[in-house]
Amino acid sequence: MSETFLLPTWVVQAPVARLATVDGTQPHLVPVVFCVGDGQLFIPIDGKRKSGAPLKRVRNIEHNPAVSLLVDAYSNDWSRLRWTRIDGRAGLVSTDPAIRAALEAKYPQYEHVEIGARAIRITIEHVASWSATEQP
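A brief structural summary. Computed from a predicted model, the values in this text were never measured in an experiment.

Bringing helix H2 (residues 56–63) into the picture now. Along H2, the residues classified as buried are Arg57, Val58, Asn60 and Ile61. Taken end-on, H2 shows its buried residues confined to a sector of 160 degrees, consistent with a single buried face. For H2, exposure combined with an orientation more than 90 degrees from the buried face picks out Glu62 and His63.

Pasting the structure below:
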């Protein structure tokens, strides 16, 4: 039985995160949008402008499914700083109606941008957090 991780509300509602994948020798870090469902994270491979080549993050995941997703909240008031890093295993899945609905609810921009037929699914294996004010 896999462990269920409860993510803080601020993480679930965060508009952007950074996805780290590895190509064998080099980390690859990109900003992404995401949603949470059934204890997993989903990152769309959407219709925003791309280079035309297969996405490096997708190629990396196909060779090495280990990923990290970093969600942070920066403030000029450093007493409000915090971050959460989610480590897990990623794979590609079809963008089913539940994923589409969650993305459309979180991002009104999807009214004008195609969500895409595939998404990256992250199965959470570990969560680490830090806050300037909250003690573990």
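Next comes the rest of the account.
A few words now on the sheet that holds strand S3 (residues 35–37). Taken together, 7 strands build an open sheet; the order of strands is S2-S1-S5-S6-S7-S4-S3 and the sheet is antiparallel. The open sheet has two edge strands, strand S2 (27–32) and S3, and neither has a second partner. With strand direction ignored, the average angle separating the axes of adjacent strands in the sheet is 35 degrees. Lying over the sheet, helix H3 (residues 97–106) contacts S3, strand S4 (40–44) and strand S6 (82–94), oriented at roughly 140 degrees with respect to S3.

Inspection of the sheet shows strand S5 (residues 66–73) paired to S6 by 8 bridges, in the antiparallel sense. From the neighbouring strand, alanine 66 faces S6, where its bridge partner is arginine 89. In terms of strand pairing, S6 meets strand S7 (residues 118–131) through 13 bridges, oriented antiparallel. Within S7, the residue paired with glycine 91 across the bridge is arginine 121.

Turning next to the environment of arginine 100. Its location among the elements puts arginine 100 in helix H3. We classify arginine 100 as partly exposed; its relative accessible area is 26%. Through-space distance from the C-alpha of arginine 100 to that of valine 30 is 21 Å; in sequence the pair is 70 residues apart. Every residue in contact with arginine 100, bar those within four places of it in the chain, is listed here: Thr95, Glu114, Ile115, Gly116 and Ala117. For arginine 100, the side chain forms a polar contact with the main-chain oxygen of threonine 95, separated by 3.5 Å.

Criteria and cut-off values
Residue indices follow the written sequence of each chain, beginning from 1 at its first position. Only residues with pLDDT of 70 or above have their local features reported here, since the model is predicted, and side-chain atom pairs are shown and tallied only from 80 upward, although totals for entire chains, interfaces and linings are computed over all residues. Side-chain numbers come from the whole structure's heavy atoms, not from hydrogens or water. Three exposure classes are used, based on accessible area relative to the maximum for each residue type with a 1.4 Å probe and protein chains only: buried under 20%, partly exposed in between, and exposed over 50%. Helix numbering and strand numbering both begin at the N terminus, where a helix is a DSSP run of H or I of at least 4 residues and a strand a DSSP run of E of at least 2. Taking the helix axis as origin, the arc is that swept by the directions to the C-beta atoms. Two strands pair if DSSP finds at least two bridges between them. For helices, the fitted line uses only the C-alpha atoms of the stretch in contact; every axis is such a line through C-alpha atoms, and the angle between N-to-C directions lies from 0 to 180 degrees. For this analysis, residues touch if any pair of their heavy atoms sits within 4.5 Å. Distance and chemistry together define a polar contact, namely a pair of N or O atoms within 3.5 Å, with one atom able to donate a hydrogen and the other to accept it when in protein, and with adjacent residues in sequence counting only for side-chain atoms on both sides.

Everything listed here is a matter of geometry and, on its own, says nothing about what the molecule does.
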